[in-house]
Amino acid sequence: MSQFLGYVYSLIKKIRKKILVMCYSLSKMYRGGTSEIWNPCQDLFCSYPSAGHAVLILNTEFNLPPSILLNLWNQAKVRVTVDGGTSRWLSWLKSHHLDYEGVHPPDLITGDMDSLSKDVLDYFAQNQVTKVVKTPDQNNTDFTKALIELNNTCIAQNLQLESVFVIADTCGRFDQIIANINTLCKAPKILKKLKVYQVASNSITWLLPDGDHTIQIPSKLRKSNEWCALIPLKSPTYATTTGLKWNLNQSKLEFGGLVSTSNTYDGVSSAVTVSNDNTLIWSMGIETLLDGDKHKF
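Whenever I open this one, the environment of P232 confuses me. Can you help?
Looking at where P232 falls in the secondary structure, it is placed in strand β10 (residues 228-232). Judged by relative accessible area, P232 falls into the buried class, the value being 4%. Sequence spacing of P232 and I281 is 49 residues, and the spatial spacing of their C-alpha atoms is 6.3 Å. When near neighbours in sequence (up to four residues on either side) are disregarded, P232 contacts T237, L253, E254, F255, V259, T279 and L280.

Structure representation (structure tokens):
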């Protein structure tokens, strides 16, 4: 009797999983589904980025190599420092003994200015390039308001961007880390189809909306078994992957259950594919790329 019940239970689980797969496929057909190719390392580590991008400096620690960060900054179509991020940017330049005359000034300084001294603001505002926009609204973070002002700038100047690189380390205050993730969730409503990447000192993080995704993985990261992670924002989220050491097969991701952190790559596939029915956080280590020649993947 117990064997029969075990068989029935197993059969029910299989049928349930097939129904979930069918529902997911039908829901994608109904929504039209999203299909995206992601390759932020291409722009981050190449001398001449292929797509138009903007750079935002937030008020957090950052420690990217000068050759990489300066190249990304100077090649950007729009450069933004956010409140105290303006002071951090100036301090970073001075700490690396960089002559500011050889570095493009910010196009925009924005925020509620509660973390920015008047001396630093005046230092940048004296040139004919930098625009200062104070955003006192306390219902949104400075990061969120900076994306709104970036969108306003693009509209006013008729600029076409494809991506935004937000320089901000994921360390320190937990509430601010979560607030930044919340802003990433708001970004599609503000910037429409622009891809927004949060770049820390050793990782890149962004959101995968429901749909099908292909993430290009540089060979250095695959060979060095760099870490990567898929974290659900909505519970539950069902996901299927290829290219990972521990792949998902219509697996249910949720807090209190399975969360795919500390994953890595299969070492063979040049890309990771992800199909998901709800938004996921994708985060990937890039430390191996920071150690060597930035032109070699």
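Just to check I follow, could you spell out the side chain of T205 for this structure?
Counting through the fold element by element, T205 comes out in strand β8 (residues 203-208). Residue T205 is classed as buried on the basis of its relative accessible area of 7%. At 2.8 Å, the side chain of T205 forms a polar contact with the side chain of S283.

What am I meant to see in the packing of aromatic side chains here?
Pairs of aromatic rings are described using the distance from one ring centre to the other and the angle between the two planes. According to the stated counting rule, one finds 9 aromatic pairs in the structure shown. Taking the centre distance of 5.3 Å and the plane angle of 10° together, the rings of W89 and W92 count as stacked. Of this pair, W89 and W92 both sit in helix α4 (residues 85-95), 3 residues apart, roughly one helical turn. Each member of the pair, W89 together with W92, is buried. When the ring centre of W38 is taken as reference, the NZ or CZ atom of K195 above it lies at 4.8 Å.

Just to check I follow, could you spell out the pairing of strand β11 (residues 237-242) for this structure?
Along any regular strand, the residues point their side chains to alternate faces of the sheet. Of the pairings in the sheet, the one linking β11 to strand β12 (residues 251-253) comprises 3 bridges and is antiparallel in character. Bridged to Y238 within β12 is K252. Here β11 runs beside strand β14 (residues 271-276); their pairing, made up of 4 bridges, is antiparallel. Opposite T242, over in β14, you have T273 as the bridge partner.

When you look at the sheet that holds strand β1 (residues 35-38) in this model, what are you seeing that I'm missing?
Ordered in space as β1-β9-β14-β11-β12, the 5 strands form an open sheet in which the pairing is mixed. Pairing within the sheet leaves two strands with one partner each, and these edge strands are β1 and β12. Each neighbouring strand pair of the sheet contributes to a mean axis angle of 25°, computed without reference to strand direction.

What should I look at first to understand helix α6 (residues 142-157) in this one?
Each α-helix turn comprises 3.6 residues. Residues three or four places apart therefore point the same way. Here α6 contains 16 residues, and its C-alpha end-to-end distance of 22 Å stays within 8% of the 22 Å for a straight helix at 1.5 Å per residue. Of all the positions in α6, only D142, F143, T144, K145, A146, L147, E149, L150, T153 and C154 are classed as buried. Following α6 by one or two positions, N158 adopts a phi angle in the positive range, close to 55°.

It is not clear to me how the environment of C41 should be interpreted in this structure. Could you clarify?
Following the sequence through the fold, C41 ends up in helix α2 (residues 40-45). Judged by relative accessible area, C41 falls into the buried class, the value being 0%.

I tried to follow the side chain of D142 on my own but got confused; where do I start?
Following the sequence through the fold, D142 ends up in helix α6. Residue D142 is classed as buried on the basis of its relative accessible area, which comes to 16%. Looking at D142, its side chain comes within polar contact range of the side chain of K145, at 3.2 Å. For D142, the residues in contact, after removing those within four places along its chain, are V82, D83, G111, D112 and T135.

Any chance you could explain the pattern of salt bridges here in plain terms?
If charged atoms from side chains of opposite charge come close, those side chains can pair. Within this structure, the stated rule accounts for 7 salt bridges. Of the charged contacts, one joins E61 and R88 as a salt bridge, the two residues approaching to 3.3 Å between their closest N and O atoms. With a gap of 27 residues between them, E61 in the loop between β2 (53-57) and α3 (66-75) and R88 in helix α4 connect regions that are remote in the sequence. Given the relative accessible area of 49%, E61 is considered partly exposed.

Reading the values: rules and limits
Residues numbered from 1 in each chain as written. Predicted model: local features only at pLDDT ≥ 70, side-chain atom pairs only at ≥ 80, totals over all residues. Heavy atoms only, no water. Helix = DSSP H or I, 4+ residues; strand = E, 2+ residues; numbered from the N terminus. Buried < 20%, exposed > 50% of the residue type's maximum accessible area, 1.4 Å probe, protein only. Contact = heavy atoms within 4.5 Å. Polar contact = N/O pair within 3.5 Å; in protein donor to acceptor, adjacent residues only side chain to side chain. Phe/Tyr/Trp six-rings, centres within 6.5 Å; stacked < 30°, edge-to-face > 60°. Lys NZ or Arg CZ within 6 Å of the ring centre and 35° of its normal. Pairing = 2+ DSSP bridges. Axes fitted to C-alpha atoms, helices over the stretch in contact; angles between N-to-C directions. Expected span 1.5 Å × (residues − 1). Salt bridge = Lys/Arg side-chain N within 4 Å of Asp/Glu carboxyl O.

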